[in-house]
Amino acid sequence: MSLLAAIVGLALLVMIHEAGHFVAARAVGMTPRKFYLGFGPAIAKRVRGGVEYGIGTIPLGGYVKIPGMNRPSPGDLAATLPADTRRELRPELARLDAAIERGDDDAARAALEELRPAVGETRMWQEIEMALAPDAYWRQKTWKRLVAIAAGPGVNLVFAVVLFTALYMVATTRDTNVIGRVLPKSPAAAAHLHPGDRVVSIAGVRVTPKQIPAHIRATNGEPFRLVVLRHGRSKVVGPVRARLDQGAYRIGIAIEARTGPGESLPAATRDAVGLTWAVTADTARGIARLAAGRDTTQVSSGVGIVRVSAAAWRQGARDFLFVLGLISLALGLLNLLPVLPLDGGHIVIALVEKVRGRTFAQAVYMRYSVVGLTIFAILMYLGLRNDLFGSGG
């Protein structure tokens, strides 16, 4: 049940993200051609109102197919055909390329239709057909393009704030410095830390309740000492050596949290916005550290996200919803990174094209996407390494 709840929760976040793109695109005059949860061949699909809705075989992410993300260029279709087919269809391809070059959309559509029986509805044929459509993305005013793209991460951010606000209105949880549980056979158990101990300092630095996990992670597996209050008396414990667990250094303690009455709507909203800002700032600092080659053990993949969500479900609905809000916030923030194929990359491209006064050809998008896909591959490797092997290298 916990695993199922985690997968359903993640699918919900992907769905509202893509729904943000879908609704916003339609609102500004673009009709998406597909709305899918998951990737790969469809296990279920239905066409309604000119839109194909479906579920892919690979339950990772999803997508909305907005028509004509790139301006078509002469030679796009020919480049995807075998050499003998290009020679055979040279006159027809020349007519298509000439029409695209001079911006004659009607002639280009007619030439493309003429080529359909010979080349079939290949992926590139479909891409060019959508790029020639009146509602193609690349034709739209900059503000319309920005609305359609920013709506996806925007919905995730708003969802997180609304969810946090609702949780604060139901009940509040205040962090403490009290150790609630010590895991058996953990570094904390070996150092004789006890439930009820109050953590005062870690590695010589006084800590607040919120700082305890971060200071333990920062020890990077090196021996350190803690100062705790036990039965009202100060006691030095250690040395303790944190162990790498699911990509983070831990000593095997659970800090107690105390639940209080819910807050009013204004107070809950203020706390939700404050939490969102704090997580956003921490995410930005984390990305900066990753760019400098530090904290690579903090990266997690979809495996880790599902694992954390499942663990939160086992602890209760409130913890699960709180983690769901954090994941939604992370999804929105990471999608704003300024690289293709992420939403942030499309926003940057749209702004650059506005300044430039002309849209880029598809080849430019492809080259820019290589940067983003390379970064994504590196992060995926680090996340899977941490989640599956628990090794920082």
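Use the structure listed above.
Criteria and cut-off values
Residues numbered from 1 in each chain as written. Predicted model: local features only at pLDDT ≥ 70, side-chain atom pairs only at ≥ 80, totals over all residues. Heavy atoms only, no water. Helix = DSSP H or I, 4+ residues; strand = E, 2+ residues; numbered from the N terminus. Contact = heavy atoms within 4.5 Å. Patch = residues over 30% accessible without salt bridge, like charges linked within 9 Å, V, L, I, M, F, W, Y side chains within 5 Å. Areas by Shrake-Rupley, 256 points an atom, 1.4 Å probe, with all protein chains shown as cover. Salt bridge = Lys/Arg side-chain N within 4 Å of Asp/Glu carboxyl O. Core = buried A, V, L, I, M, F, W, Y, C linked by side-chain atoms within 4.5 Å. Buried < 20%, exposed > 50% of the residue type's maximum accessible area, 1.4 Å probe, protein only. Expected span 1.5 Å × (residues − 1). Phe/Tyr/Trp six-rings, centres within 6.5 Å; stacked < 30°, edge-to-face > 60°. Axes fitted to C-alpha atoms, helices over the stretch in contact; angles between N-to-C directions. Parallel < 35°, antiparallel > 145°, perpendicular 65-115°, else oblique. Left-handed = near helix turned anticlockwise from the far one by under 90°. Nonpolar A, V, L, I, M, F, W, Y, C, P; charged D, E, K, R; others polar.

J.: Run through the environment of M15, naming residues and quoting values.
T.: Note on placement: M15 falls in helix α1 (residues 2-27). Sequence separation of M15 and G38 is 23 residues, and the distance between their C-alpha atoms is 9.7 Å. Beyond its immediate stretch of four places on either side in the chain, M15 contacts F35 and L37.

J.: Go over a nonpolar patch on the surface with me, naming the residues and quoting the values.
T.: A surface patch of nonpolar side chains, amounting to about 210 Å² of accessible area, comprises V371, I375 and L379. Along the chain, V371 falls in helix α13 (residues 362-389).

J.: How would you sum up the nonpolar core? Please name residues and give values.
T.: Counting residues in hydrophobic clusters, the biggest one holds 18 residues, and the most contacted among them are L193, V199, I202, F224, L226 and I251. For this core, the secondary structure elements donating two or more residues are β3 (171-182), β4 (198-202), α8 (212-217), β6 (224-230) and β7 (233-240). Top element by residues in this core is β6. It accounts for three residues. Sequence-distant contacts of I251, that is, excluding residues within four places in its chain, are made with S186, P187, A188, L193, I216, F224, L226, V240 and A242. Grouped together as the second largest cluster of nonpolar side chains are 17 residues, L77, L81, L96 and V119 included.

J.: Could you give an account of helix α12 (residues 343-356), naming the residues involved and the relevant values?
T.: Along its 14 residues, α12 runs 20 Å from first to last C-alpha, staying within 8% of the 20 Å computed at 1.5 Å per residue. Once α12 finishes, G357 follows within two positions and takes phi at roughly 85 degrees, a positive value.

J.: How would you sum up the environment of D84? Please name residues and give values.
T.: With respect to the helices and strands, the residue D84 is situated in helix α2 (residues 83-88). Accessibility expressed as a relative area gives 46% for D84, which makes it partly exposed. Between the C-alpha atom of D84 and that of T173, which follows or precedes it by 89 residues, the distance is 69 Å.

J.: Can you explain the pattern of salt bridges? Please cite residues and give values.
T.: The full count for this structure, using the stated rule, is 11 salt bridges. Between R95 and E114 there is a salt bridge; the shortest N-O distance is 2.8 Å. One end of the pair, R95, is in helix α3 (residues 90-102); the other, E114, is in helix α4 (residues 105-119), and 19 residues separate them in sequence. A residue is classified by how much of its surface remains accessible, and E114, at 40% relative accessible area, is partly exposed. Here D105 makes a salt bridge to R139, at a shortest N to O gap of 2.8 Å. Taken as a pair, D105 in helix α4 and R139 in the loop between α5 (123-131) and α6 (142-170) lie far apart in primary sequence, 34 residues in all. Look at R139 and you get partly exposed, because its relative accessible area is 28%. Members of the salt-bridge network, linked through shared partners, are E113, R116 and E121.

J.: Outline the packing of aromatic side chains, supporting the account with residue identities and numerical values.
T.: Counted according to the given criterion, the structure contains six aromatic pairs. Their ring planes at 55 degrees and their centres at 5.3 Å tell us that F22 and F35 sit as a pair that is tilted. Within this pair, whereas F22 is found in helix α1, its partner F35 is found in strand β1 (residues 34-48), the two being separated by 13 residues in sequence. Put simply, the rings of F22, F35 and Y53 touch in pairs and so form one group of aromatic residues.

J.: How would you sum up the packing of α6 against helix α9 (residues 265-291)? Please name residues and give values.
T.: Close contact between α6 and α9 brings their axes to 8 Å; oriented N to C, the two are set at 130 degrees. By the angle between their directions, the pair α6 and α9 is classed as oblique. Of the two possible hands of crossing, α6 and α9 adopt the one that is right-handed. Contacts from V161, F164, T165, Y168 and M169 of α6 reach α9 at L265, A268, T269, D271, A272, V273, L275 and T276. Considered class by class, the residues forming the contact of α6 with α9 number nine nonpolar, three polar and one charged.

Note that all results are geometric; they support no functional claim without further evidence.
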